[in-house]
Amino acid sequence: MEKRAIFDNKLLPYALLLPQILITLVFFYWPASQAVWQSFLIEDAFGTSSEFVWLDNYRDLLSKPDYYASMLTTAWFSAVVTFLAMAIALLLASMANKQISGRNAYRTLLVWPYAVAPALAGVLWLFMLQPSLGVLSKLLRANGVDWNPLLNSNHALIMVVLAATWKQISYNFLFFLAGLQAIPRSVIEAAAIDGARPMRRFWTIIFPLLSPTTFYLLVVNIVYVFFETFGIIDAMTSGGPARTTTTLVYKVYQDGKLGGDLGGSAAQSVILMAIVIGLTAIQFRFVERRVNY
Amino acid sequence: MASVTLDHLKKIYPGGVEAVKDVSLTVPDGSFTVLLGPSGCGKSTLLRMIAGLEGISSGTATIGERIVNEIEPAERDIAMVFQNYALYPHMSVYDNMAYGLRNRKVPEADIAARVNEAAKILSIESFLKRKPRELSGGQRQRVAMGRAIVRDPQVFLFDEPLSNLDAKLRVQMRLEIRRLHNRLKATSIFVTHDQVEAMTLADQVVVMNAGRVEQVGAPLAIYSRPASRFVAEFIGAPPMNLLRGTITAPGVVSIKDGLRLPFDQSAFDAGIGQTVDYGVRPEDVAITDMPAANGATEPSHSMTVDLIEELGSNRVIYGLLAGSGFALVTRTGIASADRVAFVLDPSSAHLFDGESGMSLRHAV
């Protein structure tokens with residue numbers, strides 16, 4: 001006999017779901033559908049008239065080399081930040097998982113950067129790396145590096161990567177630590193008795209058992225770099241110098257807000273949305289298949 | 001194969017908790033030794049110290065000819081079967097068993113031969129390709145054993161490997177482990193809190209209590225000549241009856257209320273006036289007819305029956321004797337009654353010192 005509360009009222013379930021549905025409708029479906037609609041329109045600079053142009057905005061976008069440049073920047077940026085943020089976090093989590101004194105304090109301190117807003121993180125690193133005043137810049141100059149992220153696009157990219165990575169390590173650290181703690185100690189002890197040295201133990205036992213966590217973080221990190229690094233880029237480089245730090249999401253803002261090309265900007269949004277939907281779909285399928293051993 | 005020798009082994013955790021207090025022990029080459037004790041007695045810690053999973057605070061552990069205190073678990077040439085099996089969940093049964101050999105760079109052809117042979121011994125050949133999650137508890141247990149035997153180590157360590165199995169499977173695996181040992185003759189150390197497992201598996205039982213070894217001996221010796229009150233109570237089901245009293249005459253312990261119980265004075269080092277615990281196993285108590293019926297020719301005792309446990313092959317009768325709980329086991333006898341009479345054979349009595357709890361029996 002199934003024990004479950006049954007409500008006779010047919011409307012109650014809808015009433016209970018309503019707030020969630022409303023929020024999703026207002027904050028996701030409505031803007032998303034607006035973006036899709038806008039991407040089919042061309043507006044004049046003053047917003048007084050608009051014309052329905054079908055796929056012209058997309059055609060226009062995909063024929064411009066700077067869109068591909070931005071795509072390449074984003075791909076490179078997300079690959080580097082995701083790899084660094086995950087690798088460093090995994091290293092730190094492996095250390096924090098050991099029996100060391102003061103590990104609770106260590107763990108707490110490592111989580112703090114997550115509470116810093118992206119724009120603030122950007123400003124923080126900007127101060128440290130500012131060519132004439134920054135602490136780190138002085139150090140670099142003293143060691144013969146002509147550090148200037150305002151002019152040198154490689155320097156600018158490194159700076160943005162640093163800030164974006166630093167910000168994301170905490171989040172990854174938390175998940176990796178939880179993942180490591182979920183691995184039974186006896187399995188690792190069994191591997192130790194089976195003659196596996198610590199490095200081999202890590203790559204043959206711990207890392208494979210962490211793979212659901214790793215995959216989840218991979219998707220979350222890519223989405224983070226795609227969207228949430230906007231604040232960092234805006235605060236640090238505003239996409240410059242010479243558009244070398246203009247990621248896809250920053251380009252949406254540049255073209256739409258600053259350039260006034262609402263249709264083109266909307267088309268870019270729709271493409272970005274498609275990418276994220278694709279990533280999420282892959283994640284769900286993968287997680288369902290692999291999360292339980 | 002090798003013997004294992006522990007010399008004044010101690011484990012003190014940071015914070016001062018002494019889990020193992022001065023344990024000296026020899027596990028002879030090829031023997032099956034069971035560490036038995038209640039939870040928290042330090043038996044698992046001791047096993048993990050032998051394995052190298054816990055550091056040794058003081059004393060030495062020797063496997064074969066080598067002192068292994070500072071040697072990594074991997075280099076000790078041991079294999080361990082864990083309570084939760086600790087199989088590698090992402091590897092097939094075959095890979096689980098091959099893992100230790102691959103770490104030691106054994107050629108794949110040899111690995112295949114050894115894994116297949118072990119699989120045959122344990123009858124797990126048909127699921128070598130499966131993942132651990134697709135196996136039942138008993139099958140996982142076999143794989144864990146297989147992982148140990150393919151390595152052909154000097155010493156097998158078992159950390160309560162049967163406690164996650166249901167009762168029926170436990171009995172079956174117990175028999176298989178013993179059969180396997182008879183066949184491989186490998187030195188084995190087995191930790192359990194189950195006295196039946198200890199009695200049935202061991203060549204040598206080590207009874208532990210509060211970080212110390214209480215008694216070491218063959219199962220039967222431990223059962224028939226317990227060295228202390230703790231061992232007497234821990235071994236045997238139902239546990240030994242123990243009554244506190246004073247020796248008032250040679251071969252007589254007086255409990256309160258005028259109850260006088262007999263013992264064989266020649267077997268014990270006990271003098272008149274000494275406070276002792278008088279022990280007798282429930283299965284050594286012989287039930288007799290009520291005194292009124294047999295004309296009281298034999299010195300017999302009687303007690304009020306409190307409860308009768310029917311076990312099928314025999315029954316356990318519980319009652320009160322001079323204010324203490326007293327149990328006796330009978331194969332036939334009454335199925336229900338108010339009172340029961342019994343005789344005590346002086347030669348089956350045990351005496352323990354009232355203060356130290358140590359047996360007063362003469363050393364043999």
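Residues numbered from 1 in each chain as written. Chains lettered and ligands numbered in written order. Predicted model: local features only at pLDDT ≥ 70, side-chain atom pairs only at ≥ 80, totals over all residues. Heavy atoms only, no water.

Participant: Can you tell me about the sheet that holds strand 1 (residues 4–12) of chain B, naming the residues and giving the values?
Facilitator: Residues and elements named next belong to chain B. Strands sit in the order 2-1-4-5 across an open sheet of 4 strands; the sheet is antiparallel. Of all the strands in the sheet, just strand 2 (18–27) and strand 5 (66–67) have a single pairing partner and so form its edges. Bridge analysis of strand 1 against strand 4 (residues 58–63) gives 5 bridges, and the strand direction is antiparallel. By the bridge assignment for strand 4, D7 is matched with T60. Helix 1 (residues 43–51) rests against strand 1, strand 2 and strand 4 of the sheet, and its axis sits at about 115 degrees to strand 1. (Pairing = 2+ DSSP bridges. Helix = DSSP H or I, 4+ residues; strand = E, 2+ residues; numbered from the N terminus. Contact = heavy atoms within 4.5 Å. Axes fitted to C-alpha atoms, helices over the stretch in contact; angles between N-to-C directions.)

Participant: Residue-level account of the sheet that holds strand 16 (residues 301–310) of chain B, with values.
Facilitator: One key point about sheets: their strands pair by backbone hydrogen bonds, in either a parallel or an antiparallel sense. Residues and elements named next belong to chain B. Ordered by their spatial adjacency, 5 strands build an open sheet running 15-19-16-17-18, and the pairing between neighbours is antiparallel. In the strand order of this sheet, the two ends are held by strand 15 (286–288) and strand 18 (324–330), each with one partner. Averaged over neighbouring strand pairs, the angle between their axes works out to 50 degrees when direction is ignored. In terms of strand pairing, strand 15 meets strand 19 (residues 339–343) through 3 bridges, oriented antiparallel. Across the sheet, residue T288 finds its bridge partner in strand 19, namely A341.

Participant: Provide a residue-level description of the pairing of strand 1 of chain B, including the pertinent values.
Facilitator: All names here are of chain B. Of the pairings in the sheet, the one linking strand 1 to strand 2 comprises 6 bridges and is antiparallel in character. In the strand pairing of strand 2, T5 is matched with T26. The turn joining strand 1 and strand 2, which pair antiparallel and follow one another in sequence, is formed by 5 residues; a positive phi near 110 degrees is taken by G15.

Participant: Describe the interface of chain B and chain A, naming the residues involved and giving the relevant values.
Facilitator: Counting from both sides, the interface comprises 26 residues of chain B and, opposite them, 20 residues of chain A. Here chain B meets chain A over a buried area of about 1900 Å², counting both sides, of which 57% is carbon and sulfur. For the interface between chain B and chain A, the tally reads 3 salt bridges. Among the secondary structure elements, those contributing two or more residues to the side of chain B that touches chain A are helix 1, strand 6 (78–81) and helix 2 (93–103) of chain B. Ranked by residues supplied to the side of chain B that touches chain A, first place goes to helix 2 of chain B with 4 residues. Of the residues that constitute the side of chain B that touches chain A, the class distribution is 14 nonpolar, 4 polar and 8 charged. (Buried area = accessible area lost by both parts, 1.4 Å probe. Salt bridge = Lys/Arg side-chain N within 4 Å of Asp/Glu carboxyl O. Nonpolar A, V, L, I, M, F, W, Y, C, P; charged D, E, K, R; others polar.)

Participant: Report on the pairing of strand 17 (residues 315–321) of chain B, specifying residues and quantitative values.
Facilitator: Residue and element names in this part refer to chain B. Taking burial as the measure, the 7 residues of strand 17 include 5 buried ones, the bulk of the element. As judged from the 6 bridges shared by strand 16 and strand 17, these two strands associate in the antiparallel manner. Bridge assignment links E309 to a residue of strand 17, and that residue is V316. Hairpin remark: strand 16 followed by strand 17, antiparallel, with 4 residues in the connecting loop; positive phi at G312, about 90 degrees. Sheet topology places strand 17 next to strand 18; 7 bridges connect them, and they run antiparallel. By the bridge assignment, G319 is partnered in strand 18 with F326. (Buried < 20%, exposed > 50% of the residue type's maximum accessible area, 1.4 Å probe, protein only.)

Participant: Summarise helix 3 (residues 108–121) of chain B; cite the residues concerned and give the values.
Facilitator: Residues and elements named next belong to chain B. For helix 3, with 14 residues, the first-to-last C-alpha span of 20 Å sits near the 20 Å given by 1.5 Å per residue. Of the residues making up helix 3, those classed as buried are I111, V115, A118 and A119. All buried residues of helix 3 fall inside an arc of 100 degrees around its axis, so they share one side. Residues of helix 3 that are exposed and point more than 90 degrees away from the buried face comprise A109 and K120. For helix 3, the elements touching its buried residues are helix 2 and helix 4 (137–150). Where helix 3 ends, the next residue or the one after it, S123, has phi of about 45 degrees, a positive value. (Expected span 1.5 Å × (residues − 1). Arc of directions from axis to C-beta.)

Participant: Which residues make up the confidence of the model for chain B, and what are the values?
Facilitator: Do not read the fine detail of predicted coordinates wherever pLDDT is low. Residue and element names in this part refer to chain B. With 96% of its residues at a pLDDT of at least 70, chain B reaches an overall mean of 89. Per-residue pLDDT, averaged within each element of chain B, yields its smallest value for helix 9 (residues 291–294) (54) and its largest for strand 3 (residues 32–36) (95). Two numbers describe this predicted complex: its pTM, 0.80, and its ipTM, 0.82. (pLDDT = per-residue confidence, 0-100.)

Participant: Explain unusual backbone geometry to me, and be specific about the residues and the numbers.
Facilitator: Trans is the common state for peptide bonds, and a negative phi is the common state for residues other than glycine. Residues and elements named next belong to chain B. The omega torsion of the bond from A237 to P238 falls at -10 degrees, within 30 degrees of zero and hence cis. Residue position: P238 is located in the loop between helix 8 (229–234) and strand 11 (241–249). Even without glycine at this site, A86 takes up a positive phi of about 50 degrees. Checked against the element boundaries, A86 lands in the loop between strand 6 and helix 2.

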